[in-house]
Amino acid sequence: MNHRRAGAAHRAVVLALALGAAGGTRAADDAAVTGLLLPSPRMEEIKKMGPAVLPAMARLYERSGPADRATIANAFYVLGWKSADAKRALMQDAHTGDSNLRLQVQWALGRVSNDADVVDVLLDNMQHDGNPLFRDKAACALAHDQIHLTEGQKLHLYARLITSLRDPKPQVRDIAIKVLVIHTGQNKGFDPNAPMGQREQSIRAWEDWLAEYRANQ
Amino acid sequence: MRATAFAAVALLAIGVAMAGSPTDPAHVLVGYSFDDEMTATGPDTFAVYQAARGTVGLSSTFRLSGYRSVELRDVAGDGDFPELQGFFPRRDSGTLYAHFAFLTTDDRQEFNVALAGPRRFTNVKDGIAFRLQARDGILYHHSDSMPKRLFPLRAFVWYVVDLAYRIDTGTYDLVIREEGTSTPMVDRRDQPNAPHEARSAVEMFSFIGDPGTDESKVDYFVDDVVLSADRPVTLPPFAAPGRRRLFVDAWLTAVQQAGRDRGCPRAAGPEDFGYSLDDLRALARAAGADLMTALRALPNAAGRSPAKPAGLGALAASLEPVFDWQRGCDALAAGRVAEALAAFEEAARARPAGRIYDLSAIAALARLDRFADAETRLDALAASAGDDPRLGLAAARIGLERPDLERLANDGKDEGLAEEFFFVLLHRKSWTEAARFADKRIERARGLKLPYDLWVEHAGDAAFFLGNDAAARTSYEAALAARPNDRRLLTKLSDVLWRLGDTRGERSCRERVFGTLDRAGR
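Rules of the game
- Residues numbered from 1 in each chain as written.
- Chains lettered and ligands numbered in written order.
- Predicted model: local features only at pLDDT ≥ 70, side-chain atom pairs only at ≥ 80, totals over all residues.
- Helix = DSSP H or I, 4+ residues; strand = E, 2+ residues; numbered from the N terminus.
- Buried ≥ 20, exposed ≤ 12 C-beta atoms within 10 Å, placed from the backbone.
- Contact = placed C-beta atoms within 7 Å.
- Domains from an automatic or database assignment.
- Nonpolar A, V, L, I, M, F, W, Y, C, P; charged D, E, K, R; others polar.
- Axes fitted to C-alpha atoms, helices over the stretch in contact; angles between N-to-C directions.
- Parallel < 35°, antiparallel > 145°, perpendicular 65-115°, else oblique.
- Left-handed = near helix turned anticlockwise from the far one by under 90°.
- Core = buried A, V, L, I, M, F, W, Y, C linked by C-beta atoms within 7 Å.
- pLDDT = per-residue confidence, 0-100.

Caption draft 1: Representation of the overall build of chain B in the model. Looking only at helices and strands, one finds 17 helices and 15 strands in chain B. By the burial criterion, 50% of the 522 residues in chain B qualify as buried. Contacts spanning at least 24 positions in sequence make up 63% of the contacts within chain B whose residues lie at least 6 apart.

Caption draft 2: Broad picture of the domain arrangement of chain A. Residue and element names in this part refer to chain A. The domains assigned to chain A are domain 1 (1-100) and domain 2 (114-217). Every contact between the two is made by five residues of domain 1 and, on the other side, five residues of domain 2. Class assignment for the residues of the side of domain 1 that touches domain 2 results in two nonpolar, one polar and two charged.

Caption draft 3: Structural detail: the packing of helix H6 (residues 84-91) of chain A against helix H7 (residues 99-112) of chain A. Residue and element names in this part refer to chain A. As a packed pair, H6 and H7 sit with axes 9 Å apart at the nearest point and diverge in direction by 155°. Considering the angle they form, H6 stands roughly antiparallel to H7. As H6 runs across H7, the sense of the crossing is left-handed. Of the residues in H7, those in contact with Ala-86, Lys-87 and Leu-90 of H6 are Val-105, Ala-108, Leu-109 and Val-112. Along the lines of polarity and charge, the residues of the contact of H6 with H7 split into six nonpolar, no polar and one charged.

Caption draft 4: Main features of the interface of chain A and chain B. The interface is formed by 13 residues belonging to chain A together with 14 residues belonging to chain B. The set of elements that each furnish at least two residues to the side of chain A that touches chain B consists of helix H9 (132-144), helix H11 (170-184) and helix H12 (196-215) of chain A. Ranked by the residues each element gives to the side of chain A that touches chain B, the list is headed by H9 of chain A, at four residues. Counted by class, the side of chain A that touches chain B contains four nonpolar, five polar and four charged residues.

Caption draft 5: Just the nonpolar core, in detail. Residue and element names in this part refer to chain B. Phe-344, Ile-362, Ala-364 and Phe-422 are the most contacted members of the largest nonpolar core, which has 78 residues in total. When residues in this core are grouped by element, the largest group, nine residues, is from helix H8 (residues 355-367). Among residues more than four places away in sequence, those in contact with Ile-362 are Ala-374, Arg-377, Leu-378, Ala-394, Arg-397 and Ile-398. In this structure, Val-30, Phe-130, Tyr-165 and Val-175 belong to the second largest nonpolar core, which totals 63 residues.

Caption draft 6: View of the confidence of the model for chain B. Residue and element names in this part refer to chain B. Predicted confidence across chain B gives a mean pLDDT of 84, with 88% of residues reaching 70 or more. Throughout residues 1-17 the model reports pLDDT below 50, and contacts reaching past four residues in sequence, or to other chains, amount to 34 contacts. In the model, residues 301-306 has pLDDT below 50 throughout and makes 11 contacts with residues more than four positions away in sequence or in other chains. Per the prediction output, this complex has pTM 0.71; the corresponding ipTM is 0.72.

Structure (structure tokens):
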């Protein structure tokens, strides 16, 4: 029964998207996509729709409440497709106080866009958010989910992470070095809780590394 | 033989480039000119992956030596990349010498070449040791965790690469020349390997298009691949194309090993513990750790880690089922079987998708003489993972613990018991008895109108070990008709066809598993 319903929904979306492409109604697209996404996403069927489904998902996101937005953000994460529409929608909640939604948005952002402002908003959250949980999860997103970065964008990310090694908050120093280790496989002896002089020695090694990295681009 | 001779010639040619590189054929690990018959794919040579729309194949359009090279063509936006992936015996000390040549038809398109270890293509120790990347018209090597610029590439020019990788220090010398010139374009000495890690082992090479952005439309050519060691290497001769022992022998060894080893079965990867890579990434992320930390915490494929790794922090709680399993394995090895079973059950409850917990519990139940429970567990596992070859090994283990197995198996009704008995016969090398027993099971299943392709396969196994290759072929072909894409069956049929002298059939079956460089053969 469920299988048959899923099949019907799939056909409806294909039809709706085809109509949309031929000048049909946006509402028809949106209704069909809503059926696939909520209350819980049927990802295999959504994947089959291809990137054409993304604008409808972004519209649905923008008119949904926090719980559904979190579900849709997770769907963007799973798809991992670059999309200006998805980025625009998700960026609205990059500072939301809703815990679940914030985490889903932070994780999804790097998988829908490699724009500099996406990396910057996550770096800002990692460094300056008042909530340590959001700082920590922004770092996780920077470590694992920046899947579309170019070499130049990686350089920008590493430069800001190395700057964060001088942050007065020990937690920020700790998560910044973790992100660097995950990206590079190295930590260059940095201990976030070591005395400042010792930390500086390691930061200078990181800065030398960054200068060499930059010179090679 | 011709490959070895070729390798010696190639090494002599590159000897001028890399002082101290061995030119003795006894040092050669692999050597491919792609001109001779040594292009058979297999687990001891190389595999060809052409998922999506990219292609990999022999070509005579461009070549550095002889009359052929390998052409890799990537297609942008097709969701995958083509790959020529080669295998050689793991090197974890000494120096590895690598020599190869490449030519690209479009200097703007990305492609990558790598040497990697058991952690495959990740930027960690025992992952990628050496990587060349062509991108936006520039050739880079990845050293000290960064892409380092080498030189602007030119299309339609052969570049000859010589690498001396010192595994103990994790450093390499890299020399690159243009075809026909003696002055190197690049001569970098003592470069840190990709992750800047000493003792980072290597066992595979890879030529691919673009693994990330899927934007590359590269069409490039590879020729004269030679890898050698700083000391003589002893390699068993090829038993058949692409493998140094027959597939079926490897499988039989595993069956017999299962019979001898009364401890835990070996884990194949994170899925065995009930974690997909996405699960592990999410758990690590929630604990503020990274995926590699989580992967490193899992016991390796060769056995068990001695203890829970330190420094896991909050991640340790998420991986508790793995540590329960390890505790159970230690207890099983020490003969405290009831304690072992309790630990396996605890792990299985926490992570029901973890197949290794059930396989281990089956071993413990059998050792406690709780055969009915062991079989129930095995049946449940078979319902969800019927294609896992370890189920046969688990059946053998139950059978080997059971004193009255033969009588019960010959009663006839219980398929599980029957298969246990068959594996016990294989374990004992009682081939004739195994063949008779498989035939009996086929007759019974036919009479009851039940599926019997598994017993046809087993009849083929017994015939193969008896040396009756014609009968084995008939059986494997019949079983394959029921399961046309079964990789294990394809490799077994490939073996038997080889022994029968049917080289065309052998190749066809093997290449359905490992791919082919021959465009006409697809």
